[in-house]
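If you want the building blocks of each chain, they are given just below.
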Amino acid sequence: MPRFETKSETFELVGRLQGGELSMLINRFETNEPVLEAKVEIESGDLKAPAKFHADMGDYAVDDAAMLKRLGEAGEHPIVVTVIAGKDTDLLDGTLLVRGAEAAGDDHGAQADHGAHGHEHDRRWWFALGGVAALAIAFMAGRFSARATRHAGGVQ
């Protein structure tokens, strides 16, 4: 899936082109705290488009048809993102690489929207994986504790 990353002394950003939008997560660089309710705009070549904030997922999304058409074409797309968050303002530049198979129209449905802006599916997998890991750790700790108790009881 086409994506780009960029950072500055103030912000870090990850963007993905999927589900009919360019979705971006923005954090403060020093604290990794999410940047919420900022004013965000992207530029690529002679096109500019605002990014709307989605409070449900904490991401910013560009759904401008002309911008998405350009970014969906195969090739390297230089992107400049303007972020205005309170007193902090910054320009972040990156490059979105779209391979031929990922270009709009060539993905055979790979960019279908899975959940809220595509993020919900990813988070469910991470939560499920974390739950399985926690259960495995608890199981192993219980077995170790029971084995240690039996062993200590036999030594006396």
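Note that this is a predicted model, so its numbers are computed, not measured.

A.B. asks: Would you mind showing me how to read the packing of aromatic side chains here?
C.D. replies: The relative placement of two aromatic rings is captured by the distance of their centres and the angle of their planes. Evaluation of the coordinates by the stated rule reveals one aromatic pair. Pairing Phe-53 with Tyr-60 gives two aromatic rings, centres 5.0 Å apart and planes at 50 degrees, and the pair type is tilted. A residue is classified by how much of its surface remains accessible, and Tyr-60, at 0% relative accessible area, is buried.

A.B. asks: Teacher, can you tell me more about the sheet that holds strand β4 (residues 39-44) here?
C.D. replies: Pairing between the strands of a sheet is mediated by backbone hydrogen bonds and can be parallel or antiparallel. In space, the eight strands of this open sheet follow the order β1-β2-β3-β6-β5-β4-β7-β8, with antiparallel pairing throughout. Only two strands of the sheet have a single partner each, and these edge strands are β1 (3-7) and β8 (88-98). Direction aside, neighbouring strands of the sheet carry axes that sit 25 degrees apart on average. The pairing of β4 with strand β5 (residues 47-54) spans five bridges and is antiparallel. Paired with Ser-44 across the bridge in β5 is Leu-47.

A.B. asks: Sorry if this is basic, but what is going on with the pairing of β4 here?
C.D. replies: Working note: regular strand, side chains alternate between the two faces of the sheet. Here β4 shows a buried face lined by Val-40, Ile-42 and Ser-44 and an unburied face lined by Lys-39, Glu-41 and Glu-43. Relative to strand β7 (residues 75-85), β4 runs antiparallel, the two being bridged by five bridges. Counterpart to Glu-41 in the pairing with β7 is Thr-82. Following β4, the chain reverses through two residues before pairing antiparallel with β5; Gly-45 in that reversal takes a positive phi of roughly 60 degrees.

A.B. asks: Would you mind showing me how to read the pairing of strand β6 (residues 59-62) here?
C.D. replies: Along β6, one buried face is formed by Asp-59 and Ala-61 and the opposite face, lined by Tyr-60 and Val-62, is buried too. When strand β3 (residues 21-28) meets β6, the two strands line up antiparallel, connected through three bridges. Residue pairing in the sheet places Met-24 in a bridge with Tyr-60 of β6. The antiparallel hairpin formed by β5 and β6 contains four residues in its connecting segment, where Gly-58 sits at a positive phi of about 70 degrees.

Rules used in this analysis
Residues numbered from 1 in each chain as written. Predicted model: local features only at pLDDT ≥ 70, side-chain atom pairs only at ≥ 80, totals over all residues. Heavy atoms only, no water. Phe/Tyr/Trp six-rings, centres within 6.5 Å; stacked < 30°, edge-to-face > 60°. Buried < 20%, exposed > 50% of the residue type's maximum accessible area, 1.4 Å probe, protein only. Pairing = 2+ DSSP bridges. Helix = DSSP H or I, 4+ residues; strand = E, 2+ residues; numbered from the N terminus. Axes fitted to C-alpha atoms, helices over the stretch in contact; angles between N-to-C directions.

Purely geometric stuff here, so don't read any function into it on its own.
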